[in-house]
Amino acid sequence: MGNKMWGGRFADGPDAIMEAINVSIDFDQRLAMQDLAGSRAHAQMLSDCGIISSADVAEILKGLDQVEQEIVNGTFPFRRDLEDIHMNIEARLTEIVGPAAGRLHTARSRNDQVATDFKLHVRERLVAFDEGLKQLQIALVNQADANADTVMPGFTHLQTAQPVTFGHHCLAYVEMLARDRSRFMDAHARAGQSPLGSAALAGTSFPINREQTAKALGFDDPTRNSLDAVADRDFVLETLSAASICSIHLSRLAEEIVIWTSAQFNFVRLPDKFSTGSSIMPQKRNPDAAELVRAKPGRIIGALTSLLVMLKGLPMTYSKDMQEDKEPAFDGMDALDLAIAAMTGMMADLTVNKPAMRDSAGKGFSTATDLADWLVRALDMPFRDAHHVTGRLVAAAEAKGCDLDGLTLDEMREAEPKITSEVFDVLGLDNSVKSRTSFGGTSPDNVRAQVAFWREQLS
Ligand code: ARG
């Protein structure tokens, strides 16, 4: 049997393998709601411009409502022989309303249709990412508030460097996520033009009103070049690149959770509802959700890579290659969605083991820089000399098997005779973090000020 949509030119139906490679309904049915919205806007515009009758548009709109009901109820008869969501909906509309349905495809093509549907879908996802990240930021700000003066070791090279506060650490991620959100919103703004009405590639001879359909679909305005409009997938590329960067941020936090929940660190405890047990080792509480968030960039960057490679070198305008954009893009966006939600769940109910963090912060001579700074300030020593004296004191403490504040004043004076007992004031962890008052520093006062800043931003 010839194809319903282009049967005029074809005597034979497709080979089974042709159908198998050509079909996209299995995945592009996710664009059903966007496709319906596009058809409604287009039909209304055709009638307003006098291209089809108001009786026809009434039939079409009524039929589209029924199609929507069938899709929502799960009774819509998706047919693989009708290839994609656009032809499935149009064919079903024809069954429901008869000849009026045949007028809907006036002045449009599946090429501008698919570009419009996918752009609408991506715009919705961008808004959802932004909202999801906001919720994660709120969870992080709450932790920062509760832990503005919780001392933990700050690391470079995963070696204890200087004491910081857990609140400051949480707010570092709030900053990253703010940049992610602004990238998603930038992508949203640049995806603000509607392709609908570009038709197959060249525009149309019908007197359509593209401003009207653009506005009806929530776009800012119509695209200015019909060739670009049907060939462009930048909006997906941008979304997936921003998603890739975001997923990297989430994976870094996920990795920290994996480290922190280990018995060796024991800094935090995940809520039961975000931990898993082991089928063989009863003592285990595994951070599976964090590990999976850590793993998601593989799929998301993979999606970006596969779209970049698919588009590379494609001549103007639409090519069927572009149908391959959807599966990876859906998968990548779904992966990010889930990663954000899982991270929000973990961060919201994470319990912090303050004594363990403090204990660990005191190890590894983490206040050595404070000692060097004190030598500069109190003894007017050049920083390089202070660095050297401090190094000798660290070596002495190491030899003695104690921390810097475990050395006696006499032992300190062997390295530098001018040292006074006031040095012990800067060696404590609390003194150390309190003194980091430079803008952007880890002092509890700064952290509280930043918490206030973010509460305002997020309200
Ligand atoms: N299913 C197609 C896609 O996803 C829709 C556009 C097809 N256009 C065409 N002329 N074959 O890209």
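Scoring rules and cut-offs
- Residues numbered from 1 in each chain as written.
- Predicted model: local features only at pLDDT ≥ 70, side-chain atom pairs only at ≥ 80, totals over all residues.
- Heavy atoms only, no water.
- UniProt positions renumbered as here; feature names shortened; annotations may be inferred.
- Near = heavy atom within 4 Å.
- Areas by Shrake-Rupley, 256 points an atom, 1.4 Å probe, with all protein chains shown as cover.
- Helix = DSSP H or I, 4+ residues; strand = E, 2+ residues; numbered from the N terminus.
- Phe/Tyr/Trp six-rings, centres within 6.5 Å; stacked < 30°, edge-to-face > 60°.
- Buried < 20%, exposed > 50% of the residue type's maximum accessible area, 1.4 Å probe, protein only.
- Lys NZ or Arg CZ within 6 Å of the ring centre and 35° of its normal.
- Polar contact = N/O pair within 3.5 Å; in protein donor to acceptor, adjacent residues only side chain to side chain.
- Contact = heavy atoms within 4.5 Å.
- Axes fitted to C-alpha atoms, helices over the stretch in contact; angles between N-to-C directions.
- Parallel < 35°, antiparallel > 145°, perpendicular 65-115°, else oblique.
- Left-handed = near helix turned anticlockwise from the far one by under 90°.
- Nonpolar A, V, L, I, M, F, W, Y, C, P; charged D, E, K, R; others polar.
- Core = buried A, V, L, I, M, F, W, Y, C linked by side-chain atoms within 4.5 Å.
- Pairing = 2+ DSSP bridges.
- Patch = residues over 30% accessible without salt bridge, like charges linked within 9 Å, V, L, I, M, F, W, Y side chains within 5 Å.
- Salt bridge = Lys/Arg side-chain N within 4 Å of Asp/Glu carboxyl O.
- Expected span 1.5 Å × (residues − 1).

As recorded in an unreviewed UniProt entry, the protein chain goes by the name Argininosuccinate lyase, listed as coming from Candidatus Phaeomarinibacter ectocarpi. One UniProt comment on the protein chain, placed under Pathway (unreviewed entry), says "Amino-acid biosynthesis; L-arginine biosynthesis; L-arginine from L-ornithine and carbamoyl phosphate: step 3/3." Quoted verbatim from the Catalytic activity (unreviewed entry) field of the UniProt record, the comment on the protein chain reads "2-(N(omega)-L-arginino)succinate = fumarate + L-arginine".

A. Geometry of the site of the ligand. Taken together, Ser24, Asp28, Asp84, His86, Arg110, Asn111, Val114, Tyr318, Lys320, Gln323 and Lys326 form the complete shell of residues around the ligand. Burial of the ligand by the surrounding chains reaches 86%, relative to a free accessible area of 340 Å². At three residues, helix 6 (residues 110-146) tops the list of elements feeding residues into the shell around the ligand.

B. Expanded view of the packing of aromatic side chains. Evaluation of the coordinates by the stated rule reveals eight aromatic pairs. Pairing Phe155 with Phe265 gives two aromatic rings, centres 6.1 Å apart and planes at 55°, and the pair type is tilted. Of this pair, Phe155 sits in strand 1 (residues 151-156) while Phe265 is found in the loop between helix 10 (234-261) and strand 5 (268-269), placing the two residues 110 residues apart along the sequence. A residue is classified by how much of its surface remains accessible, and Phe155, at 27% relative accessible area, is partly exposed. Taking the relative accessible area as the measure of exposure, Phe265 reaches 24% and is therefore partly exposed. Three or more aromatic residues link up through ring pairs in this structure, and these residues are Phe118, Phe235 and Phe330. Sitting over the face of the ring of Phe330, Arg30 holds its NZ or CZ atom 4.7 Å from the ring centroid. For Lys326, the ring lying beneath its charged end belongs to Phe118, and the centroid distance is 5.7 Å.

C. A look at the UniProt feature "domain: Fumarate lyase N-terminal" (unreviewed entry) in the protein chain. Per the UniProt record, the feature "domain: Fumarate lyase N-terminal" (unreviewed entry) sits at residues 8-302. The span residues 8-302 shows a helical share of 60% and a strand share of 6%, and its end C-alpha atoms are spaced 41 Å apart.

D. Structural view of the side chain of Thr116. Tracing the sequence through the fold places Thr116 in helix 6. You can call Thr116 buried: its relative accessible area is 1%. Polar contacts involving the side chain of Thr116 include one to the main-chain carbonyl oxygen of Asp112, which spans 2.6 Å. Those residues in contact with Thr116 that lie beyond four places of it in its chain are Pro195, Leu196, Leu217 and Phe219.

E. Seen up close, the packing of helix 7 (residues 166-190) against helix 10. Between helix 7 and helix 10, whose axes approach to 8 Å, the crossing angle comes to 165°. The angle between the axes of helix 7 and helix 10 places the two elements in the roughly antiparallel class. Both helix 7 and helix 10 take part in a crossing whose hand is left-handed. Residue-level contacts link Phe166, His169, Tyr173, Met176, Leu177, Asp180, Arg183, Phe184, Ala187 and Arg190 of helix 7 to Glu238, Thr239, Ala242, Ala243, Ile245, Cys246, His249, Leu250, Arg252, Leu253, Glu256 and Trp260 of helix 10. Its residues placed into classes, the contact of helix 7 with helix 10 shows 13 nonpolar, three polar and six charged.

F. Structural view of helix 14 (residues 354-362). Here helix 14 has its buried residues at Ala356, Met357, Ser360, Ala361 and Gly362. The inward-facing, buried residues of helix 14 contact strand 1, helix 7, strand 5, strand 6 (351-352) and helix 19 (429-434). Positive backbone phi, approximately 80°, marks Gly364, located one or two places after helix 14.

G. How the structure looks around the nonpolar core. Among the nonpolar cores identified, the biggest contains 92 residues, and Leu140, Phe184, Leu250, Ile257, Leu336, Met343 and Met347 are the most heavily contacted of them. Among the elements that make up this core, the one with the highest residue count is helix 10 (14 residues). With residues up to four places along the chain from it excluded, the contact list for Leu140 reads Cys170, Tyr173, Val174, Leu177, Leu253 and Met347. If you look at the next biggest cluster of nonpolar residues, it comprises 22 residues, including Val389, Val394, Met412 and Ile419.

H. Focus on the pairing of strand 2 (residues 159-165). Both strand 1 and strand 2 contribute to a ladder of six bridges, which runs antiparallel. For Thr156, the partnering residue across the bridge sits in strand 2 and is Gln159. In this antiparallel pair of consecutive strands, strand 1 and strand 2, the connection spans two residues, and His157 shows a positive phi of 60°.

I. Summary view of a nonpolar patch on the surface. A contiguous nonpolar patch, built from Met5, Trp6 and Phe10 and spanning about 270 Å² of accessible area, is present on the exposed surface. Take Met5: it is sitting in the segment before helix 1 (16-22). Judged by its relative accessible area of 30%, Met5 is partly exposed.

J. How the structure looks around helix 15 (residues 368-379). With 12 residues, helix 15 should cover 16 Å at 1.5 Å per step; its first-to-last C-alpha distance of 16 Å lies within 8% of that length. Residues Ala368, Asp370, Leu371, Ala372, Trp374, Leu375 and Leu379 constitute the buried set of helix 15. Considering only its buried residues, helix 15 is in contact with helix 16 (383-400), helix 18 (424-427) and helix 19. Remark: Asp380 follows helix 15 within two positions and exhibits a positive phi of approximately 55°.

K. How the structure looks around the packing of helix 10 against helix 12 (residues 297-311). In the contact formed by helix 10 and helix 12, the axes pass within 9 Å of each other and the chain directions differ by 155°. Relative to helix 12, helix 10 is oriented roughly antiparallel. Note that helix 10 runs across helix 12; the crossing there is left-handed. Taken together, the residues of helix 12 that come into contact with helix 10 (itself represented by Val236, Leu237, Leu240, Ser241, Ala243, Ser244, Ser247, Ile248 and Ser251) are Pro297, Ile300, Ile301, Ala303, Leu304, Leu307, Leu308 and Leu311.

L. Highlighting the environment of Trp454. By the secondary structure assignment, Trp454 is in helix 20 (residues 444-458). For Trp454, the contacting residues outside a window of four places in its chain are Gln137, Val141, Leu171, Val174, Glu175 and Ala178.

M. Spotlight on the pattern of salt bridges. The full count for this structure, using the stated rule, is 30 salt bridges. The salt bridge involving Asp334 is made with Arg30; its shortest N-O contact spans 2.8 Å. In this pair, Asp334 sits in helix 13 (residues 326-348) while Arg30 sits in the loop between helix 2 (25-28) and helix 3 (32-48), placing the two residues 304 residues apart along the sequence. Via salt bridges that share partners, Glu70, Arg79, Asp81, Arg92 and Glu95 belong to a single interconnected network.

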